[in-house]
Amino acid sequence: MRAGNTRPYSPLTGLAKKKRAHNVRPCKKKVTMELFQFLTTTTGGKCLFTMLVSMLPIIELRGGVPFGMAVLGLPSYLAFPAAVMGNLIPAPFIIVYIRRIFELMRKYLPSLNGLVDKLEKKAHLKGKKVQKYQYLGLWLFVAIPLPGTGAWTGSLAAAFLGMRLKKAMPAVVLGVLTAGCIMLGLTHMGINLFSGAI
C-alpha cells in the first residue's frame, strides 16, 4: 500500500461514523412503525396481514379468519378470501418440492435431521388417514379446522403419498374453502356472543 493513500485518523471521522450509526436506528424504527400502521389501519394492509397470518403453519386459515375479523375488524367478505389465498400459497410448493427440500436438509444441514425425521413421521402418520379415500380423504382432512389438520399437513401428506399436483391441489383448495366457511360461521358466532355479553 502506498504511503500517499493512507489517511491520518481524525476524531471527527469517528464521530461522523457514530452519528450515522445513531441515525440509522431511529430510521429503522420509523419504517417498522409505518409498516405496522399500514398493516393495522388500512384496508389493504389488513388484508395483507390476514394473508400473512394464514400462511403460517399451525395457525393457517383457522387462525387467519378470526384474526382478520375479530382483531383487525375486517368484514367477512374481505377476511375470507384473504385468509383462503394466504393458506393456499404454500400448498403447491409443499406438494412439489418438500421431499427434495428434506433431502437437501439431510445432506447439507445434518443438525436438523431430528426435525426432518419428526416432519416425515408426521406426514406418514397423517398420510395413513388420507390414503384410504385418496383425494376425498385429502379434502376431508384439510376441511376439518382442528390442530394437526389443514393445508400444510394435508399438502405434506399428499407429497409423501406421491399424489400428483394437478389432482391433489383441487382437493386442498376445496378443503381450505370448506374450512374457511366453518371458521367464518364460528367467528360470526363468537363475535355475536361476545358482543351480547358486553
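Look above for the structure.
Residues numbered from 1 in each chain as written. Predicted model: local features only at pLDDT ≥ 70, side-chain atom pairs only at ≥ 80, totals over all residues. Heavy atoms only, no water.

Our focus in this paragraph is the overall build of the chain. When helices and strands are counted, the chain shows nine helices and zero strands. Mapped from its N terminus to its C terminus, the chain presents α and β elements in the order α-α-α-α-α-α-α-α-α. The buried share of the chain, reckoned over its 198 residues, is 36%. Pairs at least 24 residues apart make up 70% of the contacts formed inside the chain by residues separated by at least 6 positions. Total accessible area on the chain is roughly 12,900 Å²; 68% of this is exposed by carbon and sulfur atoms. (Helix = DSSP H or I, 4+ residues; strand = E, 2+ residues; numbered from the N terminus. Buried < 20%, exposed > 50% of the residue type's maximum accessible area, 1.4 Å probe, protein only. Contact = heavy atoms within 4.5 Å. Areas by Shrake-Rupley, 256 points an atom, 1.4 Å probe, with all protein chains shown as cover.)

Let's shift gears to the environment of Met105. Structurally, Met105 is set in helix 5 (residues 91-108). On the accessibility criterion, Met105 (17% relative accessible area) is buried. C-alpha of Met105 to C-alpha of Val116: the two residues are eleven residues apart in sequence and 7.8 Å apart in space. Apart from residues no more than four positions distant in its own chain, Met105 is found in contact with Pro110, Leu112, Asn113 and Val116.

Further remarks concern the packing of aromatic side chains. One pass over the structure, following the stated rule, counts two aromatic pairs. With a centroid separation of 5.0 Å and an interplanar angle of 75 degrees, the aromatic rings of Phe49 and Phe67 are classed as edge-to-face. Taken together, the positions of Phe49 in helix 2 (residues 43-55) and Phe67 in helix 3 (residues 60-71) put the pair 18 residues apart, joining distant regions of the chain. Classification of Phe67 by relative accessible area gives buried; the value is 19%. Ring geometry for Phe102 versus Phe160: centroids 6.0 Å apart, planes at 35 degrees, classification tilted. (Phe/Tyr/Trp six-rings, centres within 6.5 Å; stacked < 30°, edge-to-face > 60°.)

Here we come to the pattern of salt bridges. Inspection of every chain in the model, using the stated rule, returns three salt bridges. Note that Glu103 and Arg100 form a salt bridge whose closest N and O atoms lie 3.2 Å from each other. Here the residue Glu103 and the residue Arg100 both occupy positions in helix 5, the gap between them amounting to three residues, near one helical turn. You can call Arg100 partly exposed: its relative accessible area is 48%. Notably, a salt bridge pairs Arg106 with Asp117, separated by 2.5 Å at the nearest N-O pair. (Salt bridge = Lys/Arg side-chain N within 4 Å of Asp/Glu carboxyl O.)

In short, shape yes, function no, at least from these values alone.
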